[in-house]
Amino acid sequence: LPASKLNQQPLYDYDVFISHANSDKPTIVEDLYASLNHLGIRIFYDKESLEWGDNWKNRILDGTAKAEFAIIVISENFFDREWTEKELNEFLHRQNTSGQKVILPILHGISAGDLRQKYPSVADIQAINSADHTCDQIALLFAKQLIKRLRS
């Protein structure tokens, strides 16, 4: 990267916001967080970003605004949860308004058809399936997206 790009202040406080259902933490989210963190990626992850006494609703909404990308782990557990839906809608609105890639969906235990039925607007966004990638591979795929953004 050119030195001018390296010395710029980041536009966002976080490279990525991990949106997920709490019940998916043990099956994918904890390992994904560890893999991303190992690469030095700045992550908004509720378990690490929320502190004692925080108004969690305000902190999460603040995190959605201050993250450049959103990795959305979409599973059966994700469907119909108030806050996962709220996070998803925040990122969809931003992506649709800016026209820039924001949402990086991961299908976890669901099919593309399940996604299309539940979230037709997200189904048009290229997703990856957690069954086809390790968390380390997903972290590297994310790092490539981040590098592409920095170069542009």
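Residues numbered from 1 in each chain as written. Predicted model: local features only at pLDDT ≥ 70, side-chain atom pairs only at ≥ 80, totals over all residues. Heavy atoms only, no water.

1. Observations regarding the nonpolar core
Applicable threshold: What is meant by a nonpolar core is a set of buried Ala, Val, Leu, Ile, Met, Phe, Trp, Tyr and Cys residues, joined one to another through side-chain atoms within 4.5 Å. For every residue, the accessible area (1.4 Å probe, protein chains only) is compared with the maximum for its type, and the residue is labelled buried under 20%, exposed over 50%, or partly exposed between those bounds. Throughout, a residue-residue contact means that at least one pair of heavy atoms, one from each residue, lies within 4.5 Å.
In terms of nonpolar packing, the biggest core is built from 24 residues, with Ile72, Ile74, Leu88, Leu115 and Tyr119 touching the most fellow members. If near-sequence neighbours (up to four positions away) are discounted, isoleucine 72 is found in contact with Ser19, Phe78, Leu88, Phe91, Ile103, Leu104, Pro105 and Ile106. If you look at the next biggest cluster of nonpolar residues, it comprises 21 residues, including Ile28, Ile43, Leu104 and Ile106.

2. Brief notes about helix H2 (residues 25-38)
We apply this condition: For the purposes of this entry, the term helix denotes a DSSP run of H or I that reaches at least four residues, the term strand denotes a run of E that reaches at least two, and both are numbered from the N terminus.
Burial in H2 covers these residues: Lys25, Ile28, Val29, Leu32, Tyr33, Ser35 and Leu36. Where the residues of H2 are buried, they touch strand E1 (14-19), strand E2 (43-44), helix H3 (46-49), strand E3 (67-74), strand E4 (103-107) and helix H8 (135-151). At the C-terminal side of H2, glycine 40 shows a positive phi close to 80°.

3. Description of the side chain of threonine 64
As for its placement among the helices and strands, threonine 64 is situated in helix H4 (residues 56-65). Discounting chain neighbours no more than four positions away, the residues touching threonine 64 are Phe17, Glu87, Glu90, Phe91 and Arg94.

4. Looking at the packing of aromatic side chains
Keep this limit in mind: Two aromatic rings from Phe, Tyr or Trp, using only the six-membered ring of Trp, form a pair when their centres are within 6.5 Å; if the ring planes differ by under 30 degrees the pair is stacked, by over 60 it is edge-to-face, and anything between is tilted.
Counted under the stated rule, the structure contains eight aromatic pairs. Relative to phenylalanine 142, the ring of phenylalanine 69 lies with its centre 5.5 Å away and its plane at 85°, an arrangement referred to as edge-to-face. Of this pair, phenylalanine 69 sits in strand E3 while phenylalanine 142 sits in helix H8, placing them 73 residues apart in sequence. Overall, phenylalanine 142 belongs to the buried group, its relative accessible area being 2%. Aromatic side chains phenylalanine 79 and tyrosine 119 sit 5.6 Å apart centroid to centroid with 65° between the ring planes, which places their arrangement in the edge-to-face category. Taken together, the residues phenylalanine 79 in the loop between E3 and helix H5 (82-98) and tyrosine 119 in the loop between helix H6 (112-118) and helix H7 (120-123) connect sequence positions 40 residues apart. Here phenylalanine 79 falls in the buried class, since its relative accessible area comes to 9%. With relative accessibility at 7%, the residue tyrosine 119 sits in the buried group.

5. Regarding the pattern of salt bridges
Using the following cut-off: Just to be clear on terms, a salt bridge is a Lys or Arg side-chain nitrogen sitting within 4 Å of an Asp or Glu carboxyl oxygen.
In this structure the tally under the stated criterion is 10 salt bridges. For the salt bridge of lysine 47 with glutamate 30, the shortest nitrogen-to-oxygen distance reads 3.0 Å. Of this pair, lysine 47 sits in helix H3 while glutamate 30 sits in helix H2; the two residues are 17 residues apart in sequence, bridging distant segments of the chain. Overlapping salt bridges bring together Asp13, Asp54, Arg59, Asp62 and Lys66 as one network.

6. What to know about the packing of H4 against H5
Note the threshold: Geometry is summarised by axes, namely lines fitted to C-alpha atoms with helices restricted to the contacting stretch, and by angles between N-to-C directions that run from 0 to 180 degrees. Note on terminology: angles under 35 degrees are roughly parallel, angles over 145 are roughly antiparallel, angles of 65 to 115 are roughly perpendicular, and the others are oblique. Each crossing gets its hand from how the near helix is turned against the far one by less than a right angle, where anticlockwise is left-handed and clockwise is right-handed. Throughout this entry, Asp, Glu, Lys and Arg are counted as charged residues, while Ala, Val, Leu, Ile, Met, Phe, Trp, Tyr, Cys and Pro are counted as nonpolar. The remaining residues, Gly among them, count as polar.
Put simply, H4 and H5 touch, their axes get as near as 10 Å, and they point 30° apart. One finds that H4 runs roughly parallel with respect to H5. Considering the relative orientation of H4 and H5, their crossing is right-handed. Together, Trp56, Lys57, Ile60, Leu61, Thr64 and Ala65 of H4 and Trp83, Lys86, Glu87, Glu90, Phe91 and Arg94 of H5 make up the contact between the two elements. Of the residues belonging to the contact of H4 with H5, the class tally is six nonpolar, one polar and five charged.

Shape is all these values report; function is a separate question.
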